[in-house]
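Residues per chain are reported as follows:
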Amino acid sequence: MHPELIDINRTVLLLGVNSKITQSNLALAYLKAVATVEAPDWKIKILEISINQAYEEILSTLMDEEYAVIGISCYIWNIDLVRKLSEDIRILRPHTQLVLGGHEVSHDPMVYLDEDICDFVITGEGEFKFAALLNALSRKEFEPNHLVDTWFPGKNKKASTSKSVDIDPLDSIPSPFEIEDDWLDSKSFTYYESSRGCVYKCHFCLSALDRGSRFFSMNRFYSDMSTILAKKNIRQVKFVDRTFNLNEKRSNQIFEFLLEHGVGRNFHFEVQAELFKPSTLKILEQAPEGMFQFEVGIQSTNQQVLDQNGRKCKLEKLFKNVRQLRRKTKVHLHLDLIAGLADETPQQFINSFNRVILERPHHLQIEVIKLLKGSIARKLAPLNGMRFQKSPPYTLLKSREWSYEDLAQVQRVSSILEIYYNRDKIRACLDNALESSKNPYKFFLELADFVAQKHPSRTGIPLRKAFDFLYDFMDKRGPLETAFLKSFSLDFLREFPFNGKLPFPKVSQTLPRQQYLEIARKLNLNTKGFIEIFQEQKEPLLIYFPGKAQRGSLPLKDFLEPQNYELCLNMIQTSTQVPVGDA
């Protein structure tokens, strides 16, 4: 402790070490909002960096100014970098007080103190605890009763003689969106929470440790969201509520508010699909495409496995609502599965995968279970024969049911999903390829192994290469069906519209250039585009491609007025030898 520095320089840097440069750390904004009110003598600054930035650049930025206190938010993706930074800050700025908080340090705080990584560790909800620590530094008094859940060298194993309690009511926390600065102005998206905590006790999730759910008031939501939506640069809002739709009336009110005031933005929610009631599903039918995105953690389709892992879920109701969302709304559905859950075999996981992909979610994510610090799964790991990485991200390596080879196989399928299934630009032809597959998991595993032979890295595959690999893979499996070639051609030409030219066999004809230009000038089409003609049983399908500048495609029948479409058909019929059916 260096009181002379505190007396002279009451400045705090709140450091967010994000996994991507585009991400944001809402926790820091909360810390600043509370400290601004509760510890007004301190000047608070927020700095957000990415783990992908050059280390020397990060350290140099931190050394540009001298701070009395640096507070760092710690998670599995940044703890190794935080350790390295802390060690160097100790050498370069020995007077600076280092304060760590966040999930990754909350379950073993003394480890970081014993290793002299920091001066203080704050566990649990940290907003008011951090402000109390700043005031204690100002007074140079460290009375344990005043510093709940704040650990520092020399303290007993108990954080304090006061019992830690959750913040309630949540509205007592000053809103970070009302801070008088421009922290939102440089962002294209922001996180937002309308509630805290979770009522579920899933063994693999840290939220199982929560003591139920608490909610910000609707007035607080209306005020915060109005401030956010007034920022034209904010294009996406990601709600971090663990189960957003826990309360039907409340979630309906929020959806209705966003439909009235937030059209043109994207809103992401984590939901329990089985909880949706007819009233909510009806509201969601009004949402335009691209507005709402739901992440649904199915995790397994085996009820016994879910029960064994503390996951309370009515699967049939879940799938019923997922199907209704998929078929009757324009909500973007992101479904999750976890491999390696206790008492689930590899074959049971494959069965889960094959069932879930039949719903054709917009995005399917599979990952191997991580045994997070503090989680029930980690505590039960010895009992369940689970061995996992000792360092972050604590991924399962093997268990009674799973060999390392089985888990590595899941990782390969996960990677190929990102290259193909979760890539909209190649999705239609992939869906077509899946139609003939009785075992989608086996299809993706074989595709992953095939691609690995041509491109050893699981990432960084350009779209054009992805098309090449998929075509070669399907060609190797057997005769290519016309339906696949048609969807493949459409997907390829949307992205690479070289006047209808394909490096693969075509099942369509490109309208000759001279005839196209005549039609384009008469009907005001882009002269850089082209028309592709697919012969169908009843009538030909005419697809209009605007060209490289605009990309995409559209059935000409949907693009033109009926009379202009008929005119186009007549012009094609009279000026070319291309058959177009009965006009």
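See above for the structure.
Criteria and cut-off values
- Residues numbered from 1 in each chain as written.
- Predicted model: local features only at pLDDT ≥ 70, side-chain atom pairs only at ≥ 80, totals over all residues.
- Heavy atoms only, no water.
- Helix = DSSP H or I, 4+ residues; strand = E, 2+ residues; numbered from the N terminus.
- Buried < 20%, exposed > 50% of the residue type's maximum accessible area, 1.4 Å probe, protein only.
- Pairing = 2+ DSSP bridges.
- Right-handed = clockwise from strand over helix to strand, strands pointing away.
- Contact = heavy atoms within 4.5 Å.
- Core = buried A, V, L, I, M, F, W, Y, C linked by side-chain atoms within 4.5 Å.
- Polar contact = N/O pair within 3.5 Å; in protein donor to acceptor, adjacent residues only side chain to side chain.
- Axes fitted to C-alpha atoms, helices over the stretch in contact; angles between N-to-C directions.
- Patch = residues over 30% accessible without salt bridge, like charges linked within 9 Å, V, L, I, M, F, W, Y side chains within 5 Å.
- Areas by Shrake-Rupley, 256 points an atom, 1.4 Å probe, with all protein chains shown as cover.
- Salt bridge = Lys/Arg side-chain N within 4 Å of Asp/Glu carboxyl O.
- Lys, Arg positive; Asp, Glu negative; His and termini not counted.
- Charge placed at Lys NZ, Arg CZ, Asp CG, Glu CD.
- Parallel < 35°, antiparallel > 145°, perpendicular 65-115°, else oblique.
- Nonpolar A, V, L, I, M, F, W, Y, C, P; charged D, E, K, R; others polar.
- Expected span 1.5 Å × (residues − 1).
- Phe/Tyr/Trp six-rings, centres within 6.5 Å; stacked < 30°, edge-to-face > 60°.
- Lys NZ or Arg CZ within 6 Å of the ring centre and 35° of its normal.

Quick look at the environment of Leu-517 now. Following the sequence through the fold, Leu-517 ends up in helix H20 (residues 513–523). It is 8.5 Å that separates the C-alpha atoms of Leu-517 and Phe-530, two residues lying 13 residues apart in sequence.

Moving on to the pairing of strand S18 (residues 530–534). For S18, a buried count of five out of five residues is recorded, marking the element as mostly surrounded by other parts of the structure. Across the two faces of S18 the burial is the same, with Phe-530, Glu-532 and Phe-534 and Ile-531 and Ile-533 all buried. By the bridge criterion, two bridges tie strand S17 (residues 509–510) to S18 in an arrangement that is antiparallel. Following the sheet pairing, Thr-510 is matched in S18 by Glu-532. Where S18 meets strand S19 (residues 541–545), five bridges bridge the pair, whose relative direction is antiparallel. The residue of S19 that forms the bridge with Phe-534 is Leu-541. As consecutive antiparallel partners, S18 and S19 are separated by six residues.

The next thing to look at is the pairing of strand S12 (residues 292–299). Within S12, eight of the eight residues are buried, leaving the element largely enclosed by the surrounding structure. By the bridge criterion, five bridges tie strand S11 (residues 266–271) to S12 in an arrangement that is parallel. The partner of Val-271 across the bridge, within S12, is Val-296. Handedness of the crossover joining S11 and S12 through helix H10 (residues 278–284): right-handed. Relative to strand S13 (residues 332–339), S12 runs parallel, the two being bridged by six bridges. Its bridge partner lying in S13, Val-296 is registered against Leu-335.

In this section: the side chain of Asn-25. Among the secondary structure elements, Asn-25 is positioned in the loop between strand S1 (11–18) and helix H2 (26–38). Residue classification places Asn-25 among the buried residues on the basis of a relative accessible area of 8%. Not counting residues within four places of it along the chain, the set of residues in contact with Asn-25 comprises Gly-16, Asn-18, Glu-48, Ser-73 and Tyr-75.

Bringing the nonpolar core into the picture now. Grouped together as the largest cluster of nonpolar side chains are 123 residues, with contacts concentrated most on Met-225, Phe-239, Leu-258, Phe-292, Phe-294, Tyr-420 and Phe-444. If sequence neighbours within four positions are ignored, Phe-292 has contacts with Phe-255, Leu-258, Leu-259, Phe-267, Phe-269, Leu-284, Ala-287, Val-331 and His-332. Counting residues in each nonpolar core, the second largest holds 29 residues, with Ile-70, Ile-79, Val-121 and Trp-151 among its members.

To continue, consider the environment of Asn-18. As for its placement among the helices and strands, Asn-18 is situated in strand S1. With a relative accessible area of 4%, Asn-18 lands in the buried category. For the pair Asn-18 and Ser-73, spaced 55 residues apart in the sequence, the C-alpha separation amounts to 9.3 Å. Every residue in contact with Asn-18, bar those within four places of it in the chain, is listed here: Gln-23, Ser-24, Asn-25, Glu-48, Ile-49, Ser-50, Ile-51 and Trp-77. A polar atom in the side chain of Asn-18 sits 3.3 Å from the backbone oxygen of Gln-23.

This part covers the environment of Lys-465. Within the secondary structure layout, Lys-465 lies in helix H18 (residues 463–477). Owing to a relative accessible area of 43%, Lys-465 belongs among the partly exposed residues under this scheme. Taking the C-alpha atoms as reference points, Lys-465 and Asn-432, separated by 33 residues in sequence, lie 19 Å from one another.

Let's shift gears to the sheet that holds strand S7 (residues 189–192). On the basis of which strands lie adjacent, the open sheet formed by six strands has the order S7-S10-S11-S12-S13-S14 and parallel pairing. Here the strands that pair on one side only, and so sit at the sheet edges, are S7 and strand S14 (363–368). Across the sheet, the mean angle from the axis of one strand to that of its neighbour is 20°, orientation sign disregarded. Sheet contacts for helix H15 (residues 404–421): S13 and S14; angle to S14, the most-contacted strand, approximately 155°.

Bringing a positive patch on the surface into the picture now. The grouping of Lys-277, Lys-314, Lys-317 and Lys-320 at the surface amounts to a positive patch. As for its placement among the helices and strands, Lys-320 is situated in helix H12 (residues 315–328).

A few words now on the packing of H15 against helix H16 (residues 424–435). As a packed pair, H15 and H16 sit with axes 9 Å apart at the nearest point and diverge in direction by 120°. Compared by their axis directions, H15 and H16 come out oblique. Across the interface between the two elements, Ile-419, Tyr-420 and Tyr-421 of H15 pack against Ile-426, Arg-427, Leu-430, Asp-431 and Leu-434 of H16. Residue classes in the contact of H15 with H16 are distributed as six nonpolar, no polar and two charged.

All right, on to the pattern of salt bridges then. Under the counting rule described, the total for this entry stands at 34 salt bridges. Note that Lys-282 and Glu-285 form a salt bridge whose closest N and O atoms lie 3.9 Å from each other. By relative accessible area, which is 33% here, Glu-285 ends up partly exposed. Note that Arg-360 is salt-bridged to Glu-435, the shortest N-O span being 3.8 Å. You can see Arg-360 sitting in the loop between helix H13 (346–357) and S14 and its partner Glu-435 sitting in helix H16, a full 75 residues away along the chain. By relative accessible area, which is 17% here, Arg-360 ends up buried. With relative accessibility at 61%, the residue Glu-435 sits in the exposed group. Residues joined by salt bridges that share partners form a network here, namely Glu-125, Glu-127, Glu-193, Arg-196 and Arg-214.

Now for the sheet that holds S17. Spatially, the four strands line up as an open sheet ordered S17-S18-S19-S20, and their pairing is antiparallel. Only two strands of the sheet have a single partner each, and these edge strands are S17 and strand S20 (554–555).

Here we come to helix H17 (residues 440–454). Along an α-helix, residues three or four positions apart point the same way, because every turn accommodates 3.6 residues. Counted at 1.5 Å a residue, the expected span for H17 with its 15 residues is 21 Å, and the 21 Å between its end C-alpha atoms agrees. Taken together, the buried positions of H17 are Pro-440, Tyr-441, Phe-443, Phe-444, Leu-445, Leu-447, Ala-448, Phe-450 and Val-451.

The tally for this structure, following the rule as stated, stands at 41 aromatic pairs. Pairing Phe-443 with Phe-444 gives two aromatic rings, centres 5.4 Å apart and planes at 90°, and the pair type is edge-to-face. In this structure, Phe-443 and Phe-444 share a single accessibility class: buried. The interplanar angle of 40° and the centroid separation of 5.5 Å between the aromatic rings of Phe-484 and Phe-488 together place this pair among those described as tilted. Placement of the pair is Phe-484 and Phe-488 together in helix H19 (residues 482–495), with a separation of four residues, close to one helical turn. Using a relative accessible area of 1% as the deciding quantity, one classes Phe-488 as buried. The lysine or arginine in question, Lys-238, covers the ring of Phe-189, its NZ or CZ lying 5.2 Å from the ring centre.

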